[in-house]
Amino acid sequence: MLVKPAQVMVVTPHPDDAEFGVAGTVARWVQEQKEVIYVVCTNGDKGTSDINIKPEELAKTREEEQLAAARLLGVREVIFLRHPDQGLENTPEFRKELVRLIRMYRPETVVTADPYRRYVWHRDHRITGQTVLDAVFPCARDHLAYPELLEEGLQPHKVNEILFWASEDSNYRVDITATFDLKLAALSCHKSQVGDHLSPELEKRLRNWAETMAQGEDFKLAEAFHQVEILW
Ligand SMILES: [Zn+2]
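Let us look at the structure shown here.

What counts, and at which threshold
Residues numbered from 1 in each chain as written. Predicted model: local features only at pLDDT ≥ 70, side-chain atom pairs only at ≥ 80, totals over all residues. Heavy atoms only, no water. Helix = DSSP H or I, 4+ residues; strand = E, 2+ residues; numbered from the N terminus. Buried < 20%, exposed > 50% of the residue type's maximum accessible area, 1.4 Å probe, protein only. 1 Å grid on protein atoms, 1.4 Å probe; cavity = no way out; pocket = protein on both sides within 12 Å on 5 of 7 lines; lining within 4 Å. Points joined across faces, edges and corners; volume = space filled by probe spheres on them. Donors = N, O, S within 2.8 Å, 3.2 Å for Na, K, Ca; no water. Tetrahedral: all angles 85-135°; square planar, octahedral: opposite > 155°, others 65-115°. Pairing = 2+ DSSP bridges. Phe/Tyr/Trp six-rings, centres within 6.5 Å; stacked < 30°, edge-to-face > 60°. Lys NZ or Arg CZ within 6 Å of the ring centre and 35° of its normal. Nonpolar A, V, L, I, M, F, W, Y, C, P; charged D, E, K, R; others polar. Polar contact = N/O pair within 3.5 Å; in protein donor to acceptor, adjacent residues only side chain to side chain. Contact = heavy atoms within 4.5 Å. Axes fitted to C-alpha atoms, helices over the stretch in contact; angles between N-to-C directions.

**What to know about the environment of Glu-151**
By the element assignment, Glu-151 lies in helix α5 (residues 147–151). Judged by its relative accessible area of 70%, Glu-151 is exposed. The spacing of Glu-151 and Thr-128 is 23 residues in sequence and 26 Å in space, taken between C-alpha atoms.

Okay, here's the thing in structure tokens:
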């Protein structure tokens, strides 16, 4: 049950969200010798407009795409929870799955989707963000939350910070100027989502977005997050 700790745990609702949200930062962390792991909550089997593709085929393809992207970025390990796409709920069982992983891998930083984006926001993104927040605080910290995990030898763990991507209220920026191309390459692995080649339009949109996020900084391209420090 005990594994080598990882400094960063990225919890992504679907395969590909992490690449959009945090891949440039992940590439940077890996270059700084940080150990990064991915947790993929759903199997992504509804993420297509192709009426000919079967859900189970899509899920398999998306796992392969996620593994390829993670490999390219230098992510140490990818854990697939394989919940149904569009089927997440913030239940005690889902929280426990995340608490178990947090206590096993003992990350300093957890990264996920901002649950508090308003109005149109994929429910899996909203629910993943909320459940991760609840799992980090207070469940992973408190030994009486899920006492059966303690009996398995999983000690409580206090995460230092959560970074939420796609936030409408970002307060934390990371310079990804040097790793932006790696982010594009990682995104290109998700062919079922972005096509065989990243379109010039999408690439331009991502570059413009990264430039906007870096405004006022002394670097060119950024990923932005809402950072929450866990002080208690
Ligand atoms: Zn998604």
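Alright, that's what it looks like, and here's the rest.
**Structural notes on the layout of surface pockets**
If you add up the space inside the largest pocket, you get close to 680 Å³. Considering the residues around the largest pocket, the lining is formed by 25 residues, among which Phe-20, Gly-21, Ala-166, Leu-206 and Trp-209 are closest to the centre. Mapped onto the lining of the largest pocket, the elements with two or more residues apiece are α1 (17–31), α6 (180–188), α8 (200–213) and β7 (222–229). A total of six residues in the lining of the largest pocket trace back to one element, the largest contributor, which is α8.

**Re the coordination of the zinc ion**
Under ideal tetrahedral coordination, the four donors around a metal are separated by 109.5 degrees; under ideal octahedral coordination, the six donors are separated by 90 or 180 degrees. Protein coordination at the zinc ion comes from His-14 (ND1), Asp-17 (OD), Asp-17 (OD) and His-125 (NE2), with a distance range of 2.0 to 2.3 Å. The site at the zinc ion holds four donor atoms, and with the angles between them running 57 to 138°, its shape is irregular. For the zinc ion, all donor residues lie on one chain, and their spacing in sequence is H-x2-D-x107-H. Here the residue His-14 occupies a position in the loop between β1 (8–12) and α1, and His-125 occupies one in helix α4 (residues 123–140), the gap between them amounting to 111 residues. There is no split in this pair, since His-14 and His-125 are both buried.

**Remarks on the pairing of strand β5 (residues 161–165)**
A large share of β5 lies buried, amounting to five of its five residues. Here strand β4 (residues 109–113) pairs with β5 via five bridges, running parallel. In the sheet register, Ala-113 faces β5, and the bridge partner there is Trp-165. Bridging between β5 and β7 involves four bridges; their strand directions are antiparallel.

**Observations concerning the packing of aromatic side chains**
In the structure shown here, the tally under the stated rule is one aromatic pair. Pairing Phe-137 with Trp-232 gives two aromatic rings, centres 5.9 Å apart and planes at 55°, and the pair type is tilted. Highlighted residues: Phe-137 in helix α4 and Trp-232 in the segment after β7, separated in sequence by 95 residues. On the basis of relative accessibility, which here comes to 31%, the residue Phe-137 falls in the partly exposed class. Here Arg-117 stacks its cationic end above the ring of Trp-121, 5.2 Å away from the centre of that ring.

**A word on empty space enclosed by the protein**
Counting across every chain of the model gives one cavity of 30 Å³ or more. By volume, the largest cavity amounts to about 30 Å³. Along the walls of the largest cavity sit Pro-15, Val-40, Thr-42, Asn-43, Glu-63, Phe-80, Leu-81 and Arg-82, which together make up its complete lining. Broken down by secondary-structure element, the contributors of at least two residues to the lining of the largest cavity are β2 (36–42) and β3 (77–83). With three residues, the top contributor of residues to the lining of the largest cavity is β3. When grouped by side-chain class, the residues that make up the lining of the largest cavity number four nonpolar, two polar and two charged.

**With respect to the environment of Leu-154**
Residue placement: Leu-154 occurs in the loop between α5 and β5. Judged by relative accessible area, which is 0%, Leu-154 ranks as buried.

**Structural notes on the side chain of His-190**
Within the secondary structure layout, His-190 lies in the loop between α6 and α7 (191–194). Assessed through its relative accessible area of 1%, His-190 is described here as buried. One polar contact links His-190 to Glu-19, side chain to side chain, over a distance of 2.8 Å. Residues in contact with His-190, not counting those within four places in the same chain, are Pro-15, Asp-16, Glu-19, Glu-65, Gln-66, Ala-69 and Gly-195.

**Describing the packing of α1 against helix α2 (residues 55–73)**
One way to put it is that α1 packs onto α2 with a least axis distance of 9 Å and a crossing angle of 35°. Contacts between α1 and α2 involve Glu-19, Ala-23, Val-26, Ala-27 and Val-30 on the former and, on the latter, Gln-66, Ala-69 and Leu-73. A per-class count over the contact of α1 with α2 returns six nonpolar, one polar and one charged.

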